[in-house]
Amino acid sequence: MTERRDFKGYFGAEPPPNWPQGARLAVSLVVNVEEGAELSIADGDERNENTYEIREEVVGYPDPCMETHFTYGTRQGYARIAKAFETYGAKATFSTCGRAAERSPWLLQDVVSRGHEVSCHGWRWERQAEMARADEAAMIARTHAAIETACGVAPVGWHTRSAPSVNTRDLLLEHGGFAYDSDVYDDDIPRMHDATHVILPYAFDTNDMRFSPGGGFVQHSDFSNYVIGAFDRLYAEGAGAVRIMSIGLHLRLIGRPGRIKGLEDVLAHITGKPDVWIAPRREIAAHWKVHAQ
């Protein structure tokens with residue numbers, strides 16, 4: 001069997017710390033902007049999304065309930081998240097679906113005006129594993145164009161919802177303009193795909209998606225306690241080896257009034273530590289491309 005997976009990684013030879021200004025840990029805050037890109041029969045999609053604050057799929061008919069669960073993210077959630085970032089001086093990456101960008105360009109324009117990054121998160125909020133190569137290539141191009149149009153700045157990053165196809169990374173390289181993707185979950189250290197393309201690991205555990213039904217987080221402190229615990233471990237390990245931490249957020253999830261304190265507590269803890277680099281993923285990728293070991 002020809003092995004297509006790397007099980008060893010950096011084992012036995014992890015790169016030493018090399019972040020700017022001697023930082024022990026790079027922290028990447030990723031806000032997923034999916035509102036308006038969820039599957040919806042009312043929008044002409046083949047079915048409705050079935051996971052939001054509960055799990056229930058309306059089959060064959062429009063689902064206004066589901067749509068309003070998502071729209072909460074733009075109407076209320078974003079403002080709370082943006083204020084928390086401003087309070088603690090944190091810059092983030094807003095990973096955005098193309099259809100969401102078309103529907104809420106005002107939001108992305110505000111994101112850019114605050115100094116954050118906007119990256120690509122597919123056209124719709126869907127996996128790509130089953131897509132035909134040509135269809136996926138067209139979707140990547142459409143998403144990139146929509147975000148550039150909304151923001152006035154071309155995106156350089158890509159992250160697929162959960163399941164890319166076997167072609168995704170090659171198609172990003174063929175499209176051009178992408179500096180990195182985040183379609184791996186197997187490390188706490190970035191790596192190079194080739195001489196120009198950076199792979200930045202993402203994480204589902206340090207992620208507010210676990211507030212979703214059955215996900216394990218209920219109280220805001222469930223989120224903050226877990227994320228702070230992960231941060232403290234990676235911060236300690238960062239004294240001897242390079243480490244990156246991803247914190248995944250969603251407008252409609254952490255932006256709820258009963259949950260936002262979890263993010264605020266995490267930001268207070270992280271910014272209270274010396275030698276931490278909180279940066280958009282484009283900056284982390286650019287640094288790694290130059291300083292990769």
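Residues numbered from 1 in each chain as written. Predicted model: local features only at pLDDT ≥ 70, side-chain atom pairs only at ≥ 80, totals over all residues. Heavy atoms only, no water.

### Some thoughts on the pattern of salt bridges
Applicable threshold: By definition, a salt bridge exists where a carboxyl oxygen of Asp or Glu is found within 4 Å of a side-chain nitrogen of Lys or Arg. Helix and strand definitions follow DSSP, with helices as H or I runs of at least four residues and strands as E runs of at least two, each counted in order from the N terminus. Think of it in three bands: with a 1.4 Å probe and only protein chains considered, a residue is buried below 20% of the maximum accessible area for its type, exposed above 50%, and partly exposed in between.
Enumeration according to the criterion identifies 18 salt bridges in this entry. Here Arg252 and Glu34 are joined by a salt bridge, their closest N and O atoms 2.9 Å apart. With Arg252 in helix 7 (residues 251-254) and Glu34 in the loop between strand 1 (25-33) and helix 1 (64-88), this residue pair connects regions lying 218 residues apart in the sequence. You'll find Arg252 and Glu34 in the same group, each marked buried.

### Details of the side chain of Gln128
Worth spelling out the cut-off: Here a polar contact is recorded for every N or O atom pair within 3.5 Å, except that within protein the pair must consist of a potential hydrogen donor and a potential acceptor, and residues adjacent in sequence are included only if both atoms are side-chain atoms. We call two residues contacting when some pair of their heavy atoms lies within 4.5 Å.
In this structure, Gln128 sits in the loop between strand 3 (117-120) and helix 4 (133-151). Within polar-contact distance, the side chain of Gln128 engages the side chain of Glu136 at 2.5 Å. Among residues more than four places away in sequence, those in contact with Gln128 are Gly122, Glu136, Met139, Trp158, Thr160, Ala163, Pro164, Ser165 and Thr168.

### Quick notes on helix 3 (residues 105-113)
Residues three or four positions apart in an α-helix share a direction because the helix packs 3.6 residues into each turn. Quick reminder of the rule: The arc in question is the one traced by the directions running from the helix axis out to the C-beta atoms.
All of the buried residues in helix 3 are Leu107, Leu108 and Val111. With its buried residues spanning 95° around the axis, helix 3 presents them on a single face. Contacts from the buried residues of helix 3 go to helix 1, strand 2 (93-96), helix 2 (98-103), strand 3, helix 4 and helix 7. The positive-phi residue at the C-terminal boundary of helix 3 is Gly115, with phi of around 90°.

### What about helix 6 (residues 220-237)?
For clarity, the threshold we go by: Expected helix span is computed as 1.5 Å times (number of residues minus one).
The end-to-end C-alpha distance of helix 6 is 26 Å, a good match for the 26 Å that 18 residues give at a rise of 1.5 Å each. Elements that come into contact with the buried residues of helix 6 comprise strand 1, strand 8 (244-250), helix 7, helix 8 (260-271) and strand 9 (276-278).

### What about the packing of aromatic side chains?
Cut-off, in case you're wondering: Pairs were defined over the aromatic rings of Phe, Tyr and Trp, the Trp ring being its six-membered one, requiring ring centres within 6.5 Å. Orientation was assigned from the angle between planes: stacked under 30 degrees, edge-to-face over 60, tilted for the rest. Whether a charge sits over a ring comes down to the Lys NZ or Arg CZ being within 6 Å of the ring centre and within 35 degrees of the ring normal.
Counting across every chain of the model gives 14 aromatic pairs. Taken together, the ring pairs connect Phe211, Phe217, Phe223 and Tyr226 into an aromatic cluster. Cation over ring: Arg24 sits above Tyr235, and NZ or CZ is 4.2 Å from the ring centre. Between Arg210 and the ring centre of Tyr226, over which it is positioned, the NZ or CZ distance is 5.0 Å.

### Some details on the pairing of strand 3
Filter applied, for reference: For two strands to count as paired, DSSP must find a minimum of two bridges between them.
Of the two faces of strand 3, the one holding Glu117 and Ser119 and the one holding Val118 and Cys120 are both buried throughout. Two elements, strand 2 and strand 3, share four bridges in a ladder whose sense is parallel. Directly across from Thr96, in strand 3, lies its bridge partner Cys120.

### Considering a nonpolar patch on the surface
Put simply, the rule is: Exposure above 30% relative accessible area and no salt bridge define the residues that can form patches, which grow by joining like charges within 9 Å and nonpolar side chains of Val, Leu, Ile, Met, Phe, Trp and Tyr within 5 Å. To be clear on the numbers: accessible area is Shrake-Rupley with a 1.4 Å probe, and residue cover counts the displayed protein chains and nothing else.
A contiguous nonpolar surface patch, about 240 Å² in accessible area, is contributed by Tyr185, Phe204 and Met209. Its location among the elements puts Tyr185 in the loop between strand 5 (180-181) and strand 6 (191-192).

### Observations regarding unusual backbone geometry
Located in the positive-phi region is Ser162, a residue other than glycine, with phi close to 65°. By the element assignment, Ser162 lies in the loop between strand 4 (157-158) and helix 5 (168-175). You will see that Asp275, though not glycine, has its phi angle at about 60°, which is positive. Topologically, Asp275 is positioned in the loop between helix 8 and strand 9. Residue class for Asp275 comes out partly exposed when judged on its relative accessible area of 40%.

### A short note on the side chain of Glu34
According to the relative accessible area criterion, Glu34 is buried, its value standing at 1%. A distance of 2.9 Å separates the side chain of Glu34 from the side chain of His121, its partner in a polar contact. Of the polar contacts made by the side chain of Glu34, one reaches the side chain of Arg252; its length is 2.9 Å. Look past the residues within four positions of Glu34 in its chain and what remains in contact with it is Phe70, Cys97, Ala100, His121, Trp125, His250 and Arg252.

### Observations regarding the packing of helix 4 against helix 5
Going by this rule: Every angle, taken between N-to-C directions, lies between 0 and 180 degrees, and every axis is a line fitted to C-alpha atoms, over only the stretch in contact when it is a helix. An angle below 35 degrees is treated as roughly parallel, one above 145 as roughly antiparallel, one from 65 to 115 as roughly perpendicular, and anything else as oblique. Should the near helix be turned anticlockwise from the far one by less than a right angle, the crossing is termed left-handed; should it be turned clockwise, right-handed. Note on residue classes: Ala, Val, Leu, Ile, Met, Phe, Trp, Tyr, Cys and Pro are nonpolar, Asp, Glu, Lys and Arg are charged, and everything else, Gly too, is polar.
Axis separation between helix 4 and helix 5 bottoms out at 10 Å; the angle between their running directions is 55°. Taken together, the axes of helix 4 and helix 5 are oblique relative to one another. By crossing handedness, the relation of helix 4 to helix 5 is classed as right-handed. Each of Arg133, Glu136, Ala137, Ile140, Ala141 and His144 in helix 4 lies in contact with helix 5, whose residues at this interface are Thr168, Asp170, Leu171, Leu172, Glu174 and His175. Per-class residue counts for the contact of helix 4 with helix 5 are five nonpolar, three polar and four charged.

### Details of the environment of Gly177
For Gly177, the position within the fold is in the loop between helix 5 and strand 5. Residue class for Gly177 comes out exposed when judged on its relative accessible area of 52%. Contacts of Gly177, omitting those with residues within four sequence positions, involve Pro155 and Val156.

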